Each structure stands twice: as C-alpha cells, then as structure tokens.
Amino acid sequence: MESINGIKKRIGVISMIDKISQAMELVSIAKIKSIKSKFEDSKKFTYNTFQIMSELINSASNVNNKYLKKINDSKKKLYVLISSSMGLCGSYNITICKFLLNLLDSNDDIIVIGQGGFNYLRSCGYRKQIISFYRFDLNDNFSMIESAIGKKIISDYFEGLYDNIFIVYTSYINALKFSPKIFSFLPIDKTFFTSINKINPNTDLNSLNQVISYEPNKEKIFINFLLFFFSSFLHSCCIESTLCEFSARQSAMKNANDNVKKIKNELMVKYNQIRQEKITQEINEIISGRDIS
C-alpha cells in the first residue's frame, strides 16, 4: 500500500499542475480577446484585397492566359502550412498536419510556418520535403518573412518548379469549432474571385471601374499587386490560425483542469482513507496496550 507521505507528495504535485493549467487557461482567454480583434480587422482588410483582385482579374484581358491556367507540367505542388509555434494546444497541430498529409504526394514540397508543424512532419519522415521553415509570433514583425515567402513561391511558379501552390491553414468557425482549410493561390481560381462580388451586393465594382484609371495598365498593376495580395492574405491566415490555436489551448487547459481536479479528489479520498486507517490502528494499539497492563 502506498504510504501517506507518498500520497501527500502526489497531491502537492497535482496542485501545482492545477495552478499552472488554470493560469494558462486564463492567459488563453485574454489572448483570444485581443487576437479576435486583430482577426476581425484583418478579415475586413483581406476582403477588400479580394475585391481588388477580383476586379483586376475580371477586367485585365491578358491576365487570363498567364495566371488563371496551369502553365507548368511539372506535376509538383507546393504547400505553405501554417501551424503553431507553441505547444499545449491539444490536437491542433496534429489535425492540420494530418489534413496536409492526406493531400501530399511524394514529390511535393512544403514550406512550414510554426515549430509544431515542423516537429510533427519531421517525426513522420517528411523532413526532406520541407524546403523552408519559419517561426511565427504575432508580436514579431512578420511582414518581411511574408514578402520573402511570396517572392520565392511566385518566382518558383513562373520558373516551372510547381504547377500548383496552396496555403493550408486553420479556419475559425467559433470558440469551440475550427477546421483545416486549403486555399489555391496559383493558378488563380477565377470562379472563386467572381463569387467575391456576390458576397456584398452593395459593392458595384463595374461602376467603380468606369471612374478608375490604371497606370501604366491593369496587367502590370495586377503583377505588382499579386505579391501584396499573397503577403496580406498569408498574414490574415496566420492571425486566424493563431486564434484557433489559442482557442484549442483554452479547451485543452480546461480539460486538463477537469482531469487534475478529478485525480486530486481521488487522491484526497485515498489519503483520508489511509489516514483514518492509521488513526484507527493507533487507537487499537493504545487500547490493546492498556488491556494488557
């Protein structure tokens, strides 16, 4: 039988874990509030960039042949995976990585953003397919990295290294629900951008097109805007994935708190039981000693 001192030590350790998990849950709740505000702002900004891209695609005649159709026959894809750089967030990283692995072929390449995704893919034997790895933190200036990633993948695409480029991230639905999502960056899906204008019926881009002039021309503006569009959309995806990450962490810490309390209650019952048995035994020994005398 376990000693009473051993159980006391276990209760002390469990109590410490309880305090840590409670603190992390409170931090996650506070983080979610601030990140959600950033997410709402980035969502509005991204929607505007989508509208501009949609207008350029629909009006620039020479864009169709170069950007809306596959120009390469490499049969090789590039995936930009957004994961977490911190742990203790439940199955967040595993879910997004498994989603990617279901799409991945043996000759495809991966750019990983986040330490968690990198560690998981490396442990599964996909280290050779990871061509670049970046850490992401909302407190850091990530814009330089976003621009560098954009320049590389756009250049690689037009050099014929890949025939498709995708962004894989986690889409936020609500505080308890989020799911993996994939966005096709190149070649551009015209049908998707055509549907953008239908989302907001108050926006009439055709009427705007009548008063906007493009210098030197729409195609060159589109080419220059493509990098900005990718960088802003990637940043928005990182913010959204971070919001999902902290929501997953809050849920994981809440589950940890519940489990810790359950284990602590079981140990307290066991501790009181052994303590009671020990007291009863001592009383019996005292009574027995008195009877002998």
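Read on for a plain summary of the structure. From a predicted model like this one, the values you see are computed outputs, not experimental measurements.

On the secondary structure map, Thr46 appears in helix α1 (residues 4-59). Of the polar contacts made by the side chain of Thr46, one reaches the backbone oxygen of Ser42; its length is 2.7 Å. When neighbours within four sequence positions are excluded, Thr46 is seen to be in contact with Ser232, Phe233 and Ser236.

Looking now at the pairing of strand β4 (residues 164-174). Here β4 lies mainly inside the structure; 9 of its 11 residues are buried. The sheet contact formed by strand β1 (residues 77-82) and β4 spans 5 bridges and is parallel. Bridging from a neighbouring strand, Leu81 pairs with Val168 of β4. Across 9 bridges, β4 lies against strand β5 (residues 177-186) in antiparallel orientation. By the bridge assignment, Phe166 is partnered in β5 with Ser184. Joining the antiparallel neighbours β4 and β5 is a turn of 2 residues.

Attention shifts here to the sheet that holds β5. Read from one edge to the other, the open sheet built from 5 strands follows the order β3-β2-β1-β4-β5, with strand pairing classed as mixed. At either margin of the open sheet sits one strand with a lone partner, and together these are β3 (130-134) and β5. The average undirected angle you get between the axes of adjacent strands in this sheet is 20°.

As a further point, take helix α3 (residues 92-101). Those residues of α3 that fall on the buried side of the exposure criterion are Tyr92, Asn93, Ile96, Cys97, Leu100 and Leu101. Within α3, the buried residues cover an arc of 155° as seen down the axis, which keeps them to one side.

What counts and what doesn't
- Residues numbered from 1 in each chain as written.
- Predicted model: local features only at pLDDT ≥ 70, side-chain atom pairs only at ≥ 80, totals over all residues.
- Heavy atoms only, no water.
- Helix = DSSP H or I, 4+ residues; strand = E, 2+ residues; numbered from the N terminus.
- Polar contact = N/O pair within 3.5 Å; in protein donor to acceptor, adjacent residues only side chain to side chain.
- Contact = heavy atoms within 4.5 Å.
- Buried < 20%, exposed > 50% of the residue type's maximum accessible area, 1.4 Å probe, protein only.
- Pairing = 2+ DSSP bridges.
- Axes fitted to C-alpha atoms, helices over the stretch in contact; angles between N-to-C directions.
- Arc of directions from axis to C-beta.

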